[in-house]
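Survey of secondary and tertiary structure
Take a look at the letters that make up each chain.
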Amino acid sequence: MAVPSACHYTSAMTRIDFHSNVPQKIAYVCRLVRKARAAGTNIVLRTRDRAELQQLDQALWSFSEQDFLPHVTAGDPLAAQTPIILTASDDVELPHHQVLINLSGETPANFARFERMLEIISADDADKTAGRDRYRFYKERGYPLSHHVAA
């Protein structure tokens, strides 16, 4: 009987995509979520605070009349069955770890659990500076990075 090779058990590092110069972060993220859901991807959206979480929640419901983007906040009883999870905290249990979209302006504590993370950076100077710091942080640790400039 063949013994499985140990190389089958290695896990890849989180792939991180930076999206910079984003003019309207909430609308931009809604478009990203729509595209990801069309591909069958599960998503966690990490916001800066409860106010931004509420804005994002409302935007996902009203973003498109043609697209249904089912979402709940982390900790909701339906979270395990819901493909889009919203959170303003790193201290919550998450039901899936496929894609994390980070709007928080800081490095999420558990980002390395995800297959992929998208960092959303606006044209605001403070946001750009914080984004550059996070880019350096990930780069120094060897994470695979890519950069997209919003048009």
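Data block above holds the structure.
What you see is a predicted model; the values in this text were computed from it and never measured. (Residues numbered from 1 in each chain as written. Predicted model: local features only at pLDDT ≥ 70, side-chain atom pairs only at ≥ 80, totals over all residues. Heavy atoms only, no water.)

1. Digging into helix α2 (residues 50–62)
- Here α2 is 13 residues long and its end C-alpha atoms lie 18 Å apart, about the 18 Å a rise of 1.5 Å per residue gives.
- Buried within α2 we find Glu-52, Leu-53, Leu-56, Ala-59 and Leu-60. Burial along α2 is one-sided: seen end-on, the buried residues are contained in an arc of 125 degrees. Away from its buried face, by an angle of more than 90 degrees, α2 presents the exposed residues Arg-50, Gln-54, Gln-58 and Ser-62.
- Along its buried surface, α2 packs onto α1 (25–38), β2 (43–46), β3 (71–73) and β4 (84–87). (Helix = DSSP H or I, 4+ residues; strand = E, 2+ residues; numbered from the N terminus. Expected span 1.5 Å × (residues − 1). Buried < 20%, exposed > 50% of the residue type's maximum accessible area, 1.4 Å probe, protein only. Arc of directions from axis to C-beta. Contact = heavy atoms within 4.5 Å.)

2. Topic: helix α3 (residues 125–140)
- Between its first and last C-alpha, α3 extends 23 Å over 16 residues, near the 22 Å set by a 1.5 Å rise per residue.
- Within the sequence span of α3, burial applies to Asp-127, Gly-131, Arg-134 and Tyr-138. Down the axis, α3 shows its buried residues gathered within 65 degrees of arc, on one side only. With respect to the buried face of α3, the exposed residues turned more than 90 degrees away are Asp-125, Ala-126, Lys-139 and Glu-140.
- In this structure, the buried residues of α3 make contact with β1 (15–22), α1, β5 (99–102), β6 (116–122) and β7 (145–149).
- Measuring from the backbone nitrogen of Ala-126 back to the side-chain oxygen at the start of α3 gives 3.1 Å, which picks out Asp-124 as the cap.
- Once α3 ends, the next one or two residues include Gly-142, with phi positive near 85 degrees. (Polar contact = N/O pair within 3.5 Å; in protein donor to acceptor, adjacent residues only side chain to side chain.)

3. Observations regarding the packing of α1 against α2
- Orientation of α1 relative to α2, taken along the N-to-C sense of each, is 50 degrees, at an axis distance of 10 Å. The orientation of α1 relative to α2 falls into the category oblique. In this structure, α1 crosses over α2, and the sense of that crossing is right-handed. Contact residues: α1 offers Ile-26, Val-29, Cys-30 and Val-33, while α2 offers Glu-52, Gln-55, Leu-56, Ala-59 and Leu-60.
- Classifying every residue of the contact of α1 with α2 by side-chain character gives seven nonpolar, one polar and one charged. (Axes fitted to C-alpha atoms, helices over the stretch in contact; angles between N-to-C directions. Parallel < 35°, antiparallel > 145°, perpendicular 65-115°, else oblique. Left-handed = near helix turned anticlockwise from the far one by under 90°. Nonpolar A, V, L, I, M, F, W, Y, C, P; charged D, E, K, R; others polar.)

4. Points about the nonpolar core
- Within the largest apolar cluster, 23 residues are counted, with the highest numbers of intra-cluster contacts made by Val-33, Leu-45, Leu-60, Ile-101 and Ile-120.
- When contributions to this core are tallied by element, the ones reaching two or more residues are α1, β2, α2, β4, β5 and β6.
- Here the element with the most residues in this core is α1; it accounts for seven residues.
- The residues contacting Leu-60, other than those within four sequence positions of it, are Cys-30, Val-33, Leu-45, Leu-69, His-71, Ile-84 and Leu-86.
- Core analysis: the next-biggest nonpolar cluster, separate from the first, contains 15 residues, Ile-16, Leu-94, Phe-111 and Ile-121 among them. (Core = buried A, V, L, I, M, F, W, Y, C linked by side-chain atoms within 4.5 Å.)

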